[in-house]
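Fold and geometry: a report
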Amino acid sequence: MAKKHILVVPGDGIGQEVTAVGKKVLDRIAAKYNHEFTYDEALIGHVAIEATGNPLPDETLEKMKNSDAVLFGAVGHPKYDNDPTAKVRPEQGLLKMRKELGLYANLRPIKLFDELLSASSIKPEILKGSDILFFRELTGDIYFGEKGRKNNGDTAYDVAEYSRYEVQRIGRKAFEAARTRNKKLVSVDKANVLESSRLWREEIQKLALEYLDVEVEYQFVDATAMILIKDPKRFDVVVTANLFGDILTDEASQIAGSMGMLASASIGDGTGVYEPIHGSAHDITGMGLANPMASVLSAALLLDISFGLKEESNAVINAVDQVLKKGFRTKDIADANTPKDMILGTDAIGEEILKMI
Ligand code: NAD
């Protein structure tokens, strides 16, 4: 029996709706497998700014540090999207959380459920069997380097910076994961032009000597962007820097058909954070239309990675698969052939998943 404390941080918009389903799934797993999960809840993003003036209140950060895992929703509000000059912004909460918790690796499994082959804009015969695990570095690169303006503000710069240590620690996680899968790792950089990429490649090459059982391929990011669409089955584990990973993982999300299906884990040396890759989706907030499967699959990642409960994690993934096999869909993954009565809202499809567990 596992005894764990989980912090639920729904955040903004549909984050609230989908995380509620993710939490119910964790509860069902605890009941079925005889574990004891306790929960607390905390604020982040726009809701936290409204309540405290701070997108990541100290209280939230403290609770995160003191929990065994965090089930996270999303942050964001149209108010800030249309006002790039706003000084206090929801996404500052997200970046601060990653920095403070030392979440240096973002894992995104890209796996297509067979039932959704037709929901992707890529041809089914190219997609079928694709199964990629991305490792995106999360706390370095151009997002965190020096930035500013010069020449009276007419020139702007952002510095991309990596230390050997930062590359080694994420590289090692990626090699370890490759070992448990098909033992193939693609390291993505732009070493033909960027110095930070040359250091990245040097460090991965050094690590490769420790993992001789893993086959390593080095790709330039432009080539990876192309191969992902042309031949996604060629990838097993992919490791890359923050900026390249940000772009490539969104591209790869289209392999899975919908943003509403993709989960992610952000891990470091302390508490792990598990969240859908989608945002707060204000266009559908409060309408009961949000697909909760990304949050449910995030809960599955939480069980596996933070708690080591592989069987329980697989039970959740299996339940999602079964619900899709039965023909149930949310609107975002339905197509012209889906009967109207099989298109369910957030809570109703959540109930189907719970039944399957
Ligand atoms: P989004 O992911 O919120 O939505 C993109 C599109 O996908 C929308 O049409 C939305 O309705 C749809 N969609 C997303 N998730 C869905 C789900 N679970 N079910 C059904 N449909 C879904 O991205 P956006 O519209 O570019 O951004 C909206 C807000 O979210 C912005 O404020 C942005 O800054 C924020 N955002 C936050 C995160 C995060 O918290 N990690 C990530 C991306 C965007």
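Residues numbered from 1 in each chain as written. Predicted model: local features only at pLDDT ≥ 70, side-chain atom pairs only at ≥ 80, totals over all residues. Heavy atoms only, no water.

Just so we agree on the cut-off: UniProt positions are given in the numbering used here, feature names are shortened, and annotations may be inferred rather than shown by experiment.
An unreviewed UniProt entry lists the chain under the name 3-isopropylmalate dehydrogenase, from Sandaracinomonas limnophila. Word for word, the UniProt comment on the chain under Catalytic activity (unreviewed entry) is "(2R,3S)-3-isopropylmalate + NAD(+) = 4-methyl-2-oxopentanoate + CO2 + NADH". The Subcellular location (unreviewed entry) field of the UniProt record for the chain holds the comment "Cytoplasm".

1. A closer look at the side chain of Glu312
So the rule is basically this: Going along the chain from the N terminus, every DSSP run of H or I of four or more residues is numbered as a helix, and every run of E of two or more is numbered as a strand. Buried residues are those whose accessible area, probed at 1.4 Å on protein chains only, stays under 20% of the maximum for their type, while exposed residues exceed 50% and partly exposed ones sit between those limits. All tallies of charge rest on Lys and Arg as positive and Asp and Glu as negative; His and the ends of each chain are not included. Throughout this description, the term salt bridge denotes a Lys or Arg side-chain nitrogen within 4 Å of a carboxyl oxygen of Asp or Glu. Only heavy atoms enter the contact rule, under which two residues are in contact if any of them lie within 4.5 Å.
Looking at the element boundaries, Glu312 is found in helix H12 (residues 310-325). No salt bridge is formed by the buried Glu312, whose closest oppositely charged neighbour, Lys32, lies at an N-O distance of 9.8 Å. Apart from residues lying up to four places away in sequence, Glu312 is in contact with Ile29, Tyr33, His35 and Leu303.

2. Overview of the packing of helix H1 (residues 14-33) against helix H13 (residues 346-356)
Worth spelling out the cut-off: To obtain each axis, a line is fitted to C-alpha atoms, and for helices this fit is confined to the stretch in contact; angles are then taken between N-to-C directions over 0 to 180 degrees. Reported orientations rely on four angle classes, namely roughly parallel under 35 degrees, roughly antiparallel over 145, roughly perpendicular from 65 to 115, and oblique for the rest. Handedness of a helix crossing follows the sense of rotation of the near helix relative to the far helix, less than a right angle counterclockwise being left-handed and clockwise being right-handed. All amino acids are sorted into three groups, where Ala, Val, Leu, Ile, Met, Phe, Trp, Tyr, Cys and Pro are nonpolar, Asp, Glu, Lys and Arg are charged, and the leftover types, Gly among them, are polar.
H13 packs onto H1 with a crossing angle of 15° between their chain directions and a minimal axis gap of 10 Å. With respect to their mutual orientation, H1 and H13 come out roughly parallel. Taken as a pair, H1 and H13 cross one another with a handedness that is right-handed. Taking contact as the criterion, the partners of Glu17, Val21, Lys24, Val25 and Arg28 in H1 are, on H13, Thr346, Asp347, Gly350, Glu351, Ile353, Leu354 and Lys355. Within the contact of H1 with H13, the residues separate by chemical class into 4 nonpolar, 2 polar and 6 charged.

3. Quick notes on the packing of aromatic side chains
How two aromatic rings sit relative to each other is set out by the distance from centre to centre and by the angle between their planes. Note the threshold: Side-chain rings of Phe, Tyr and Trp (the six-membered ring for Trp) are treated as a pair once their centres are within 6.5 Å; stacked means planes under 30 degrees apart, edge-to-face means over 60, and tilted covers the remaining angles.
Enumeration according to the criterion identifies 3 aromatic pairs in this entry. Taking 5.6 Å as the distance between ring centres and 55° as the angle between the ring planes, the aromatic pair formed by Phe37 and Phe307 counts as tilted. One end of the pair, Phe37, is in strand E2 (residues 36-41); the other, Phe307, is in the loop between helix H11 (293-305) and H12, with 270 residues separating them in the sequence. Take Phe37 and Phe307: they sit in the same class, and that class is buried.

4. Quick look at the packing of H1 against H11
At their nearest, the axes of H1 and H11 sit 8 Å apart, and the two run at 45° to each other. What the angle tells us is that H1 and H11 run oblique. Where H1 crosses over H11, the handedness of that crossing is right-handed. Of the residues in H11, those in contact with Val18, Thr19, Val21, Gly22, Val25, Leu26 and Ile29 of H1 are Ser295, Val296, Ala299, Leu302 and Leu303. Within the contact of H1 with H11, the residues separate by chemical class into 9 nonpolar, 3 polar and no charged.

5. A word on the sheet that holds strand E12 (residues 272-276)
The following threshold applies: Only strands that DSSP links by at least two bridges are regarded as paired with each other.
Pairing within the open sheet is mixed, and its 10 strands lie in the order E2-E1-E3-E12-E11-E4-E5-E10-E8-E9. What marks the edges here is a single partner per strand, and that holds for E2 and strand E9 (215-220). Averaged over all adjacent pairs, the angle separating strand axes in this sheet is 25°, with direction ignored. As paired elements, strand E5 (residues 131-137) and strand E10 (residues 237-240) share 4 bridges and run parallel to each other. Along E10, the bridge assignment pairs Arg136 with Thr240. Strands strand E1 (3-11), E2, strand E3 (69-74) and E12 of the sheet are contacted by H1, whose axis makes an angle of about 150° with E3. Of the strands in this sheet, strand E4 (105-111), E5, strand E8 (184-189) and E10 are in contact with helix H10 (residues 242-253), which crosses E5 at around 155°.

6. Notes on the UniProt feature "domain: Isopropylmalate dehydrogenase-like" (unreviewed entry) in the chain
UniProt marks residues 5-353 with the feature "domain: Isopropylmalate dehydrogenase-like" (unreviewed entry), using the numbering shown here. From the first C-alpha to the last, residues 5-353 spans 23 Å; its make-up is 41% helix and 19% strand.

7. Here's the deal with helix H7 (residues 164-180)
Note the threshold: Each residue after the first adds 1.5 Å to the expected span of a helix.
Here H7 contains 17 residues, and its C-alpha end-to-end distance of 25 Å stays within 8% of the 24 Å for a straight helix at 1.5 Å per residue. What H7 keeps buried is the set Glu166, Val167, Arg169, Ile170, Gly171, Ala174, Phe175, Ala177 and Ala178. Those residues of H7 hidden inside the fold are in contact with E4, E5, E8, helix H8 (195-208), E9 and E10.

8. Brief notes about the site of the ligand
What counts, and what does not: In this text, near means that some heavy atom of the residue lies within 4 Å of the molecule or strand in question. Polar contact criterion, stated in full: a pair of N or O atoms within 3.5 Å, where within protein one must be able to donate a hydrogen and the other to accept it, and residues adjacent in sequence count only if both atoms are side-chain atoms. Areas reported as accessible are Shrake-Rupley estimates using a 1.4 Å probe. Residue values count occlusion only from the protein chains shown.
Looking at the ligand, there are 20 residues lining it, with Val75, Asp81, Gly279, Ala281 and Asp283 nearest. Between His278 and the ligand, the recorded distance is 3.2 Å, taken from a side-chain N or O atom to a nitrogen atom. Backbone polar atom of Asn291 to a nitrogen atom of the ligand: 2.8 Å apart, as the coordinates give it. For the ligand, the protein covers 69% of the area, taking 790 Å² as the surface of the free molecule. Of the residues in the shell around the ligand, the class split is 9 nonpolar, 7 polar and 4 charged.

9. Some thoughts on the pattern of salt bridges
Applying the stated criterion across every chain, the model contains 24 salt bridges. Between Arg181 and Asp131 there is a salt bridge; the shortest N-O distance is 3.4 Å. One end of the pair, Arg181, is in the loop between H7 and E8; the other, Asp131, is in strand E5, and 50 residues separate them in sequence. Among the charged side chains, a network of salt bridges with common partners joins Arg164, Glu202, Glu203 and Lys206.

10. Quick word on the pairing of E5
Taken across its 7 residues, E5 has 6 buried, putting it largely inside the fold. As judged from the 7 bridges shared by E4 and E5, these two strands associate in the antiparallel manner. Looking at the pairing, Pro109 lines up with Leu133 of E5.

11. Examining the nonpolar core
The test is simple: Only buried residues count toward a nonpolar core. Its members are Ala, Val, Leu, Ile, Met, Phe, Trp, Tyr and Cys residues joined through side-chain atoms within 4.5 Å. The start and end points of each domain follow an automatic or database-based domain assignment.
If you look at the biggest cluster of nonpolar residues, it comprises 87 residues, and the most contacted ones within it are Phe135, Met261, Val320 and Ile353. Residue-level mapping places this core at the junction of two domains, with at least three residues from each of domain 1 (1-107 + 263-357) and domain 2 (131-254). If sequence neighbours within four positions are ignored, Ile353 has contacts with Val25, Met293, Val296, Ala319, Val320 and Val323. Ranked by size, the runner-up nonpolar core spans 15 residues in total, among them Val70, Met97, Leu101 and Val273.

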